[in-house]
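# Structural overview for review
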Amino acid sequence: MTEGLLPDAASREAIEHDLDTTFLAEAGAGSGKTTSLVKRMVALLTAGRATASSLAAVTFTRKAAAQLRQRFQIALEEAASTAGPLAAQRIADALSNLDRCRIGTIH
C-alpha cells in the first residue's frame, strides 16, 4: 500500500466523482462518511446535476444532521472562492436556498 493512501481510496473517489451511481455509505464512526457525503453534494451542485431543493441526505441522529448541514454550508462557501463563473452561480443559488436542502434523520 502506498503511504498516505487509504485502503478504500477508490471507493472514496467514486463517491465524490461517479455522479451517475447511487451509493450507500456504511462505515464506523470517524471513518469519513460525512466528508465524503459533503464532497459528493458539492460536486453534484457544481456540476449542475442537482439543486439544493433536490438534494436529500439522511443520517441517524439530529446531532449528525446538524453537523452535516453546517459542514455542507462551509464546503459550499469554500468552493465558491475557487469555482468558475457557472459553478459559482450554482453555488450561490444553493447557498441562498440551503434551507430547501433536505438534511435530516428518520427518527
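Because the structure is a prediction, the values reported are computed rather than measured. (Residues numbered from 1 in each chain as written. Predicted model: local features only at pLDDT ≥ 70, side-chain atom pairs only at ≥ 80, totals over all residues. Heavy atoms only, no water.)

### Re the layout of surface pockets
In this structure, the largest pocket encloses a volume near 950 Å³. Surrounding the largest pocket, 31 residues form its lining, Leu24, Ala25, Lys33, Leu37 and Val58 being those nearest its centre. Elements with a minimum of two residues in the lining of the largest pocket: helix 1 (9-17), helix 2 (33-46), strand 1 (56-59) and helix 3 (62-80). A per-class count over the lining of the largest pocket returns 17 nonpolar, 9 polar and 5 charged. (1 Å grid on protein atoms, 1.4 Å probe; cavity = no way out; pocket = protein on both sides within 12 Å on 5 of 7 lines; lining within 4 Å. Points joined across faces, edges and corners; volume = space filled by probe spheres on them. Helix = DSSP H or I, 4+ residues; strand = E, 2+ residues; numbered from the N terminus. Nonpolar A, V, L, I, M, F, W, Y, C, P; charged D, E, K, R; others polar.)

### Concerning a nonpolar patch on the surface
Residues Val58, Phe60 and Ile106 make up a contiguous nonpolar surface patch of about 380 Å² in total accessible area. One can find Val58 in strand 1. Classification of Val58 by relative accessible area gives exposed; the value is 54%. (Patch = residues over 30% accessible without salt bridge, like charges linked within 9 Å, V, L, I, M, F, W, Y side chains within 5 Å. Areas by Shrake-Rupley, 256 points an atom, 1.4 Å probe, with all protein chains shown as cover. Salt bridge = Lys/Arg side-chain N within 4 Å of Asp/Glu carboxyl O. Buried < 20%, exposed > 50% of the residue type's maximum accessible area, 1.4 Å probe, protein only.)

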